Amino acid sequence: FLQVMQKHGYIGDLEIVDDHRAGKVVVDLVGRINKCGVISPRFDVALGDMEQLASNLLPSRQFGHVVLTTPYGIMDHEEARRKNTGGKIVGFFF
């Protein structure tokens, strides 16, 4: 999820700190995130339902990303549409 956010420029560098316990993730914030959320439970999303789901979660069509886990890895809804695949919804950010 964080790597998708980093790829789209919503966050900066990621640093994983190993403290021999649970571990920590240090994220460099850029200031572009307005809202970030997780969808639980992870519903199945077919390719045809993706546009309706994005319009329900995001403020506009040109703005924000819905993150899915697919057989091809974790990606946003636009990349999943280009690869012609569905998956389970993880969360969203804009």
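Residues numbered from 1 in each chain as written. Predicted model: local features only at pLDDT ≥ 70, side-chain atom pairs only at ≥ 80, totals over all residues. Heavy atoms only, no water.

Enquirer: I'm lost on the overall build of the protein in this one. Help?
Expert: Across its full length, the protein carries three helices and seven strands. Projecting the C-alpha coordinates of the protein onto the three principal axes gives extents of approximately 45 × 25 × 25 Å. Residue burial in the protein is summarised as follows: out of 94 residues, 32% are buried. Partitioning the contacts of the protein with sequence separation of at least 6, the portion at a separation of at least 24 is 51%. Accessible surface for the protein amounts to roughly 6,200 Å². Of this, 51% is attributable to carbon and sulfur atoms. Treating the 11 positive side-chain charges of the protein as one cloud and the 11 negative ones as another, the clouds have centres 4 Å apart. (Helix = DSSP H or I, 4+ residues; strand = E, 2+ residues; numbered from the N terminus. Buried < 20%, exposed > 50% of the residue type's maximum accessible area, 1.4 Å probe, protein only. Contact = heavy atoms within 4.5 Å. Areas by Shrake-Rupley, 256 points an atom, 1.4 Å probe, with all protein chains shown as cover. Lys, Arg positive; Asp, Glu negative; His and termini not counted. Charge placed at Lys NZ, Arg CZ, Asp CG, Glu CD.)

Enquirer: I keep staring at the pattern of salt bridges and nothing clicks. Help me out?
Expert: Between side chains of opposite charge, a pair can form as their charged atoms come close. Scanning all chains against the criterion turns up six salt bridges. As a salt-bridge pair, arginine 81 and glutamate 51 come within 3.0 Å of each other at their nearest N and O atoms. A residue pair is termed long-range when its members are at least 10 positions apart, and arginine 81 in helix α3 (residues 77–82) and glutamate 51 in helix α2 (residues 50–57) qualify at 30 residues. For arginine 81, a relative accessible area of 37% puts it in the partly exposed group. Taken together, the shared-partner salt bridges connect Lys7, Glu79 and Lys83 into one network. (Salt bridge = Lys/Arg side-chain N within 4 Å of Asp/Glu carboxyl O.)

Enquirer: In this structure, what is going on with unusual backbone geometry? I would like to understand it.
Expert: With omega at 0°, the peptide bond leading from serine 40 into proline 41 counts as cis. Take proline 41: it is sitting in the loop between β3 (36–38) and β4 (44–45). Unlike most non-glycine residues, histidine 20 shows phi in positive territory, near 60°. For histidine 20, the position within the fold is in the loop between β1 (11–17) and β2 (24–29). Classification of histidine 20 as exposed rests on a relative accessible area of 73%. With a phi angle near 60°, asparagine 84 is a residue other than glycine that sits in the positive phi range. Counting through the fold element by element, asparagine 84 comes out in the loop between α3 and β7 (87–93). Judged by relative accessible area, asparagine 84 falls into the exposed class, the value being 56%.

Enquirer: I would appreciate a short explanation of the pairing of strand β6 (residues 73–76) in the present structure.
Expert: Consecutive residues of a regular strand have side chains that alternate between opposite faces of the sheet. Taken together, the four bridges between strand β5 (residues 65–70) and β6 define a ladder with antiparallel strand orientation. Note on β6: the bridge partner recorded for leucine 68 is methionine 75. Once β5 ends, the chain turns through two residues before running back antiparallel as β6. (Pairing = 2+ DSSP bridges.)

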